[in-house]
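A structural walkthrough
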Amino acid sequence: MSRRDISLTVNGKALSGAAEPRMTLLDFLRDVLGLSGTHMGCEHGVCGACTVIHEGQPVRSCLMLAVQAERQSIETIEGLAGEDGSLSVLQDAFRDAHGLQCGYCTPGMLMSAEALLRENTSPTDENIREAIGGNICRCTGYTQIIDSIRLAAERLRETSS
Ligand code: FES
Ligand code: FES
């Protein structure tokens, strides 16, 4: 099937690559742009491992076509850390509060949590549960993940006050 060039902004940088019309955004990010930090799980919208931020909103990149991202903004896990590799406040909180074990769900969890914290600096546990409700973790347990996001929110509030 014929490919066409897709131009988009990924983590603030203008990028482009060739995609077939039916290529998912997930495959495009991983296989064409080489951004393999976004994980592939179920590939049909259930697990949330593939979550990225599209125009400010968390989306499942396995359910979106690459062509739908043309001239749009996508943020992936690779964009969370600083240029020097320093962890973001959110990533650091996951480390400190033991929010991960195998790490397979973690990029998707982090992107869902990142989108939440940008909109809500004081989320309740219920808000957090809702935000990560579409992200499945098979090993850590959700308690530590919720603790991690709550801790990140506290630290972000401290640094902005
Ligand atoms: S890989 Fe996209 S939701 Fe599971
Ligand atoms: S940390 Fe292993 S799936 Fe969540």
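Residues numbered from 1 in each chain as written. Chains lettered and ligands numbered in written order. Predicted model: local features only at pLDDT ≥ 70, side-chain atom pairs only at ≥ 80, totals over all residues.

1. A closer look at the overall build of the protein
Within the protein one finds five helices and five strands. Start at the N end of the protein and walk to the C end: the helices and strands fall as β-β-α-β-β-β-α-α-α-α. The C-alpha atoms of the protein give 16 Å as radius of gyration, which agrees with the globular expectation for 161 residues (15 Å, within 12%). The C-alpha extent of the protein, read off along each of the three principal axes, is 50 × 30 × 25 Å. Across the 161 residues in the protein, those meeting the buried criterion constitute 40%. Pairs at least 24 apart in sequence give 57% of the contacts found in the protein among residues at least 6 apart. (Helix = DSSP H or I, 4+ residues; strand = E, 2+ residues; numbered from the N terminus. Rg over C-alpha atoms; globule rule 2.2 N^0.38 Å. Buried ≥ 20, exposed ≤ 12 C-beta atoms within 10 Å, placed from the backbone. Contact = placed C-beta atoms within 7 Å.)

2. Regarding the domain arrangement of the protein
Partitioning the protein into structural domains gives domain 1 (4-79) and domain 2 (89-160). Placing a centre on the C-alpha atoms of domain 1 and another on those of domain 2 gives a separation of 21 Å. Counting only elements with at least two residues in the side of domain 1 that touches domain 2, the list comes to β3 (51-54) and β4 (57-60). A total of three residues in the side of domain 1 that touches domain 2 trace back to one element, the largest contributor, which is β3. Residues belonging to the side of domain 1 that touches domain 2 are distributed by class as follows: seven nonpolar, six polar and no charged. (Domains from an automatic or database assignment. Nonpolar A, V, L, I, M, F, W, Y, C, P; charged D, E, K, R; others polar.)

3. What about the pairing of β3?
Side chains on a regular strand alternate between the two faces of the sheet. Where burial is concerned, the two faces of β3 agree: the one with T51 and I53 and the one with V52 and H54 are both buried. Alignment of β3 against β4, held across four bridges, turns out to be antiparallel. Paired with T51 across the strands is R60, a residue of β4. Connecting β3 to the antiparallel partner β4 that follows it, the hairpin turn spans two residues, and E55 within it adopts a positive phi of roughly 50°. Sheet topology places β3 next to strand β5 (residues 73-75); two bridges connect them, and they run antiparallel. Bridge assignment links H54 to a residue of β5, and that residue is I74. (Pairing = 2+ DSSP bridges.)

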